[in-house]
Amino acid sequence: MAKVIREYETEYNVGDVVIFQKFKTLNVGVIEGYYVDDGNFWFNVRTTPDFVYTYSNGGDIAEWDIMGVVDGSLKEECFKRITED
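Below is a summary of the structure that appears in this document. Quick caveat: nothing in here was measured; it's all calculated off a predicted structure. (Residues numbered from 1 in each chain as written. Predicted model: local features only at pLDDT ≥ 70, side-chain atom pairs only at ≥ 80, totals over all residues. Heavy atoms only, no water.)

1. Overview of the overall build of the protein
Reasoning step 1: Across its full length, the protein carries 1 helix and 6 strands.
Reasoning step 2: Ordered by position from N to C terminus, the α and β elements of the protein give β-β-β-β-β-β-α.
Reasoning step 3: Along the three orthogonal principal directions, the C-alpha set of the protein runs to about 50 × 25 × 25 Å.
Reasoning step 4: Burial statistics for the protein: of 85 residues in total, 34% are counted as buried.
Reasoning step 5: Total accessible area on the protein is roughly 6100 Å²; 48% of this is exposed by carbon and sulfur atoms. (Helix = DSSP H or I, 4+ residues; strand = E, 2+ residues; numbered from the N terminus. Buried < 20%, exposed > 50% of the residue type's maximum accessible area, 1.4 Å probe, protein only. Areas by Shrake-Rupley, 256 points an atom, 1.4 Å probe, with all protein chains shown as cover.)

2. Observations concerning the packing of aromatic side chains
Reasoning step 1: By the definition in use, this model includes 9 aromatic pairs.
Reasoning step 2: Measuring from centroid to centroid gives 6.2 Å for Tyr 34 and Phe 43, while their planes differ by 50°, and the two rings are tilted.
Reasoning step 3: With relative accessibility at 47%, the residue Tyr 34 sits in the partly exposed group.
Reasoning step 4: Classification of Phe 43 by relative accessible area gives buried; the value is 0%.
Reasoning step 5: Ring geometry for Trp 42 versus Trp 64: centroids 5.4 Å apart, planes at 75°, classification edge-to-face. Here the residue Trp 42 occupies a position in strand β3 (residues 40-48), and Trp 64 occupies one in the loop between β5 (61-62) and β6 (66-70), the gap between them amounting to 22 residues.
Reasoning step 6: Taking the relative accessible area as the measure of exposure, Trp 42 reaches 21% and is therefore partly exposed.
Reasoning step 7: For Trp 64, a relative accessible area of 55% gives the class exposed.
Reasoning step 8: In this structure, Lys 22 is placed above the aromatic ring of Phe 23, and the distance from its NZ or CZ to the ring centre is 4.9 Å. (Phe/Tyr/Trp six-rings, centres within 6.5 Å; stacked < 30°, edge-to-face > 60°. Lys NZ or Arg CZ within 6 Å of the ring centre and 35° of its normal.)

Here it is as structure tokens:
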């Protein structure tokens, strides 16, 4: 049996707070997961405690939709507000 291993690189990681565009609107969210399809990264991004953009709800976020990462104390504040119950 053969085993094929492929490596892919992305500049975003699970747990990053990112700014992204969806439906012509800017959003802030926390990356919760991802998958690779044909060499492209697609991210599951939580925007509220109750909602995550995913493939199953038609809202997965492409790597090219992400504008950047939020850092420092602003990242911590966004993370708390997005993930708190």
